[in-house]
Every structure is written in C-alpha cells, then in structure tokens.
Amino acid sequence: MKESIDNFFKTNEKNVNSILTKLGFLLTLVYPVLIILNKLKIYNDFSSKYYYMSWIIAIFCAFLFFFVTKFRPNSALNKYFLIVGIEICVFSLSILNGVIVYITYVLVVLLSCMYFDHFFTFQVQIISFVFMMISFSLRLKILPAVQIETTRAEWGINHTAAGALEFVLFGIFSFYLTFAIRRSLISLYEHKRTIQNVQNQITFGFANIIEAKDESTGEHIKKTSEYVWLLCIKLMQKGLYPEYVNEHTTPLMVRAAPFHDLGKICIPDDILNKEGVLTKEEFSIMQRHPLDGAEFIEKKMKTIGDPELIEIARDMCLCHHEHMDGTGYPNRLIADEIPICARIMTIADILDALLSVRSYKKAYSISESFSIIKSMAGSSLDPVIVDTLLECDTEVRVIRDGGVLTDDQF
C-alpha cells in the first residue's frame, strides 16, 4: 500500500531502459549514414567487408532493441540487453578506419550510472573493458601501416596501456559516483518518508477526533482508506481512468481518504449521533459538512502536505456526497463534473457504511451490500467503478474482517 524505495528504483530502471532503447535505435542509424557517405565518396575509409558487417550489426541491434521494447517490457534483464546492444554498436564503430570512437566506451559506463546501481555499473565497466581490449587488438590488425609511426607491437602496447589506465581510473570514479548518488537518494527518500509519517500522524489525528465525535463510525476511516486503495489498484489493472488513477495518484488518494469527513467536526453532537431520522433542518446542517471540511483543508492544512495531496483531499471531502445524476450535495454536480477521486471515495464510504453496524441499522452482508450499490450505479454512483467493485468479493471480505491485503492477492 505504501510506496517503497525499491519501487522508486524499479520505476527509474524502466525510465532509463526507455531512454537507452531510443539511444540504441539512434546508434543503429549511424551505419546507414556511413554507408551513404561512403557511396558519396565523402567517407572513403569504409572497406567493402565492413559494408556487410555494418548492415548485419545494425539489423541485429535494431532487432534486439525492438525485442526488448515489444516482448520484454518489464524484464529485469532488459538493462543488460540494452547495454550489450549499445556496446556492440560502439565496438563495431571503434574498429572502423577514420572513426576510432574509444571514448564512447567510457560513455557507456556513464550511461549505466543512471540506474543508480553501483554493482551494475561495475559489471558494465568489466563488459566495456573487455570490448575495448578486443577492439584494440582488431584495430591493430586492420590499421594501415602508414598510420603507425612505430612497430605494431609498440603501438598496441602504448594504446592498450594508456586506454586501460584511463578506463580504470574513470571506472573507479563512476563506481563511487553511482554509490554516492544511490546512498543520497535513499537518505532523501527516508527523509521524505519521515515527513510523510508526520503528515499521516496529523491526518489520522484529525480522523480520530472525528471518530471520537461520531460514535457510530468505529474503524470507518481505516476501512474506507483500504477500500479506496483496493478500488484504485483494480482500476489500474483494468486500465480505467489512467489519467486520474495511476501509480502516482493512488498513494495520494489513500492518504487523502481520512479527510473526507473532516467537516463533521463542525456538526453538533446531538445531530451527528442522533439515532432517529434527522429533521429537514438537521439534515440541512449535516449537508454542510463537505463544505466545512473542504474550507478547513484549503485554509488550514496546506502546510502539512504537498499541493496534489491537498487538492485530492479537498475534492474527496467536498464531493463525496455528490451523485452522478445531480441529486447529491452540496453543489449538485453531474457525472464528469465530479472528480474521479471523489467518485471512488463515495463508493468506499457507502460500502463501509453498509457493511458496518449503525445505531439505525444492522450490518448488511457483502452480497446484500453489492446488490444495493449495483442498484445505485448510474444514478448516484459511477457505473464503471461499481462494476470494478463487484469483482472484488474476496478482497472486500478480507478488509471487512480486519485483514490486510498483500500483493499476492492481486
């Protein structure tokens, strides 16, 4: 339910994989460009045997990058495939007459630093070093004698020794650079988590005040937050409302959910805990709690959360009693006018109310609750989110009974 530093590094790895894939495709375009330049007599050091080799390498690497993108988008081995593909491109270019791009071996190591994994960077250093040494050997064999001022043996020793020394020094630097960055990111993440924990304590502090005031809610705050999380996960899995429900917004919605009834602080106890039916005047007072809660969040709580969290909390608080057909309150919003986070909050709120004992009702079973919620789809509730909830019988049972859902249950 909570994001972790591991999830951050996994997300970063996917982003870097995407960048390296694009870079890899660009590298494969170098070969056709060199061939065109050779045909135009602009680049004349391109012998015929390398003409065919270049096409083979370009096609192979392009296929490799396409394979990684299309068929293995989430594989942990993708970064190795991508780095090796880029290394092959660099290797073939480094042995061509007139190119000699040895410096790009260092750049490959530098690219690996973006993964913030010093062990992976170390592995890339070894791979790059091996490729570079092999390219020196091949380069020595194919280099025209007129370009060598000393014997081939002396040339090989000098260039190999110099390249190896520079590469090792840069390798040590990049290893510790990656290690330092990773350690700093973990430190920053832990600091962020500390701040979030303080924010959550404040959030649940307000929620506990509401629960103490409203004698009928019990664990309403905790369970509605769990139901919000469940609905968000299921919506993401089905690819529904991706712009509003995703890996970034889901934790924010879960953290914002406890604020949804904040306005009840302003409602007199005799109305809030009345066992009978509310009078028209009393219900009018009760209907003000979304407005009061939203106003409190806007004016008093900006200092304890980031702007996105506050905006979602405000929307949940203000709109969780709005209906899709415009018969809700306080602003009688219709359909798309109601924020997605509020629609999710509404269903979570109603579900827990139905499954819980109240002074005026017994607790309904899950099947009874689902039946009631289904009957409200389209009029009061978002039918897309209702359909998603109706597929969650097992998960809802776990939450209702006080259990904790794990990733294996999804």
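Residues numbered from 1 in each chain as written. Predicted model: local features only at pLDDT ≥ 70, side-chain atom pairs only at ≥ 80, totals over all residues. Heavy atoms only, no water.

Enquirer: Could you give me a rundown of the overall build of the protein, with the residues and numbers involved?
Expert: Tallying secondary structure elements over the protein gives 17 helices and zero strands in all. Looking at the protein as a whole, 45% of its 410 residues are labelled buried. Restricting the contact set of the protein to residue pairs at least 6 apart, pairs at least 24 apart contribute 68%. Summed over all atoms, the accessible surface of the protein reaches about 21,300 Å², with 63% contributed by carbon and sulfur. (Helix = DSSP H or I, 4+ residues; strand = E, 2+ residues; numbered from the N terminus. Buried < 20%, exposed > 50% of the residue type's maximum accessible area, 1.4 Å probe, protein only. Contact = heavy atoms within 4.5 Å. Areas by Shrake-Rupley, 256 points an atom, 1.4 Å probe, with all protein chains shown as cover.)

Enquirer: Quick rundown of helix 15 (residues 366-375)? Include the residues and the values.
Expert: Those residues of helix 15 that sit buried are Ile 366, Ser 369, Phe 370 and Ile 373. Buried residues along helix 15 cover an arc of 100° about the axis, so they all sit on one side. Every exposed residue of helix 15 that faces more than 90 degrees away from the buried side is listed here: Ser 367 and Ser 375. Where helix 15 is buried, its residues meet helix 14 (340-355), helix 16 (383-389) and helix 17 (393-400). (Arc of directions from axis to C-beta.)

Enquirer: Got a sec to walk through the side chain of Glu 13? Specific residues and values, please.
Expert: Checked against the element boundaries, Glu 13 lands in helix 1 (residues 5-28). If we skip the residues at most four places from it in the chain, Glu 13 touches Ser 75, Ala 76, Lys 79 and Tyr 115.

Enquirer: Lay out the packing of helix 13 (residues 307-319) against helix 14 in plain terms, naming residues and giving numbers.
Expert: Between helix 13 and helix 14, the shortest axis-to-axis distance is 8 Å and the interhelical angle comes to 55°. In terms of orientation, helix 13 and helix 14 fall into the oblique class. Helix 13 and helix 14 meet at a crossing whose hand is right-handed. Facing Ile 312, Asp 315, Met 316 and Cys 319 of helix 13, the residues of helix 14 in contact are Cys 341, Ala 342, Met 345 and Thr 346. Grouping the constituent residues of the contact of helix 13 with helix 14 by class yields six nonpolar, one polar and one charged. (Axes fitted to C-alpha atoms, helices over the stretch in contact; angles between N-to-C directions. Parallel < 35°, antiparallel > 145°, perpendicular 65-115°, else oblique. Left-handed = near helix turned anticlockwise from the far one by under 90°. Nonpolar A, V, L, I, M, F, W, Y, C, P; charged D, E, K, R; others polar.)

Enquirer: Before we move on, can you summarise the side chain of Thr 178 with the specific residues and values?
Expert: Positionally, Thr 178 belongs in helix 7 (residues 152-213). At a separation of 3.4 Å, a polar atom in the side chain of Thr 178 contacts the side chain of Thr 121. With near-sequence residues (within four places) excluded, Thr 178 lies in contact with Cys 113, Phe 116, Asp 117, His 118 and Thr 121. (Polar contact = N/O pair within 3.5 Å; in protein donor to acceptor, adjacent residues only side chain to side chain.)

Enquirer: So what's going on with the nonpolar core? Residues and values would help.
Expert: If you look at the biggest cluster of nonpolar residues, it comprises 40 residues, and the most contacted ones within it are Val 228, Met 253, Met 316, Ile 344 and Val 396. Sorting elements by how many residues they give to this core places helix 14 first, with nine residues. What Val 396 contacts, discounting residues up to four positions off in sequence, is Tyr 227, Leu 230, Leu 351, Leu 355, Ile 366, Phe 370 and Leu 389. Counting 29 residues, the second largest nonpolar core, distinct from the first, contains Tyr 31, Leu 82, Val 124 and Phe 170. (Core = buried A, V, L, I, M, F, W, Y, C linked by side-chain atoms within 4.5 Å.)

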